[in-house]
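If you want the building blocks of each chain, they are given just below.
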Amino acid sequence: MKELKISKDEYFYGHKACSGCGGSLAVRLALKALGKNTFVVIPAGCMSAVGFIYPQLCFSVNAMISQFASTGAMLSGVYAGAKALGLENFNVVGFAGDGGTADIGLQALSGAIDRNDKIIYICYDNEAYMNTGVQQSGLTPYGARTTTSPAGDNIHGSANRKKDMFEIVAAHKIKYAATASIGYPKDFINKVSKAKEVDGTSYIHVFAPCPTGWGISTSETVSIAKEVVECGLWYLAEYENGEFILNRKIEEFSSVKNYLKNQGRFKHLDESDIESIIKERDEKWGKTLNNFKVNEDKLIVLNENSTCCDK
Ligand SMILES: Cc1ncc(C[n+]2csc(CCOP(=O)(O)OP(=O)(O)O)c2C)c(N)n1
Ligand code: SF4
Ligand SMILES: [Mg+2]
């Protein structure tokens, strides 16, 4: 049984995120894994809006806001600057939303992976542009209602399919990439700890529900982030040394319908919409995920016996 030690130190607290915000939990947990010698870059989006309210900066590590499109470029710049100052043993991490990653920030991320500086890029995926009022992004799933993909008699929410961001990043032959979910916090922390040791660029894509934009109760964030993995619409995986590894193989999926119908953004979906989502899930698992090597050993979530202090 693996034992995971989670630091009691807090590096992101007093922020103004909505109750139950999955993105803020992702930032908090990742910083526990990275520790105090960390530089944080956050582009325009919810995490910068809720974390940098003068005079109540909510980071106890160095943190700065980048332009919306530039997280990858700024991470490289911060890394170069710290090196030029002669610093050693530091982490440089970016936390960008799904819009900031899969849409407007994609080229900067791609360039950063090419440069292969020792930086960590974390995409907290709440599946829409939340900070500006829930607009559809390239990572909004099929059928989700947003303010730019409304639901009515003729249109049933987003007609687009979620981009395979993890695979897009892996196609760059990055040193280390992983998917995670805040429903599996130990797995997520473990992956961030692993990224910290990578001698080059790493990328973690963490599923992070948003009660405000999704129409769920604030107490359901973690259970929904778990359910999405159990029903097969999200997956826990790694890409390392050119190999794909699945960290959680689902023998029997839980109900996709239950997952969708618990969320206001999917309430309008009819049976044929749900069938189409299930078909797409089965194709993804059939063509891609079932071909990944399986190593559930790396998934520290099934045993809950962890310690809560790194002293
Ligand atoms: C160049 C530019 N275009 C648009 C905006 C407006 N803007 C600020 S935050 C944001 C949404 C960010 O969405 P996402 O990256 O998914 O993060 P979230 O707000 O969901 O956390 C937008 C469109 C901006 N700040 N800069
Ligand atoms: S709108 Fe969503 S992502 Fe933004 S702070 Fe609130 S819960 Fe978090
Ligand atoms: Mg978003």
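Here is what the cut-offs are and how they apply
Residues numbered from 1 in each chain as written. Chains lettered and ligands numbered in written order. Predicted model: local features only at pLDDT ≥ 70, side-chain atom pairs only at ≥ 80, totals over all residues. Heavy atoms only, no water. Near = heavy atom within 4 Å. Polar contact = N/O pair within 3.5 Å; in protein donor to acceptor, adjacent residues only side chain to side chain. Areas by Shrake-Rupley, 256 points an atom, 1.4 Å probe, with all protein chains shown as cover. Helix = DSSP H or I, 4+ residues; strand = E, 2+ residues; numbered from the N terminus. Nonpolar A, V, L, I, M, F, W, Y, C, P; charged D, E, K, R; others polar. Pairing = 2+ DSSP bridges. Axes fitted to C-alpha atoms, helices over the stretch in contact; angles between N-to-C directions. Parallel < 35°, antiparallel > 145°, perpendicular 65-115°, else oblique. Left-handed = near helix turned anticlockwise from the far one by under 90°. Contact = heavy atoms within 4.5 Å. Salt bridge = Lys/Arg side-chain N within 4 Å of Asp/Glu carboxyl O. Buried < 20%, exposed > 50% of the residue type's maximum accessible area, 1.4 Å probe, protein only.

For the site of ligand 1, give the residues involved together with the corresponding values.
Near ligand 1, the surroundings consist of 16 residues, among which Gly99, Gly100, Tyr124, Met130 and Asn131 are the closest. Asp98 has a polar side-chain atom sitting 3.1 Å from an oxygen atom of ligand 1. A distance of 3.0 Å is found between an oxygen atom of ligand 1 and a backbone nitrogen or oxygen belonging to Ala128. Protein burial of ligand 1: of its 580 Å² of free accessible surface, 71% is covered by the chains. At 3 residues, the largest contribution of residues to the shell around ligand 1 is made by helix H4 (residues 98-103). Residue composition of the shell around ligand 1, by class: 8 nonpolar, 7 polar and 1 charged.

An account of the sheet that holds strand S7 (residues 176-181) is needed here, citing residue identities and associated values.
Strand order in the open sheet made by the 9 strands is S4-S1-S5-S6-S8-S7-S9-S10-S11, with mixed pairing throughout. Taken across any chain shown, the strands that pair with only one partner, and hence form the sheet edges, are strand S4 (62-66) and strand S11 (293-294). As judged from the 5 bridges shared by strand S5 (residues 91-97) and strand S6 (residues 120-125), these two strands associate in the parallel manner. Bridged to Ala96 within S6 is Cys123.

An account of the packing of helix H1 (residues 22-34) against helix H7 (residues 185-197) is requested, with residue identities and associated values reported.
Two elements in contact, H1 and H7, have axes whose closest approach is 9 Å; the angle formed by their N-to-C orientations is 45 degrees. What the angle tells us is that H1 and H7 run oblique. Classified by chirality, the crossing of H7 by H1 is right-handed. Facing H1, whose interface residues are Ala26, Leu29, Ala30, Ala33 and Leu34, H7 presents Pro185, Phe188, Ile189, Val192, Ser193 and Lys196.

Explain the pattern of salt bridges to me, and be specific about the residues and the numbers.
Taken as a whole and judged by the stated rule, the model has 18 salt bridges. A salt bridge links Glu167 to Lys284, with the nearest nitrogen and oxygen atoms 2.8 Å apart. Residue Glu167 is found in helix H6 (residues 165-170), and its partner Lys284 is found in helix H11 (residues 271-287); the two are separated by 117 residues along the sequence. By relative accessible area, Glu167 is classed as buried at 17%. Classification of Lys284 by relative accessible area gives buried; the value is 18%. A salt bridge links Glu271 to Lys257; the shortest N-O distance between them is 2.6 Å. Of the two residues, Glu271 sits in helix H11 while Lys257 sits in helix H10 (residues 256-261), which places them 14 residues apart along the sequence. For Glu271, a relative accessible area of 47% puts it in the partly exposed group. For Lys257, a relative accessible area of 36% translates into the label partly exposed. When salt bridges that share partners are traced, they join Asp125, Glu127, Lys162 and Arg265 into one network.

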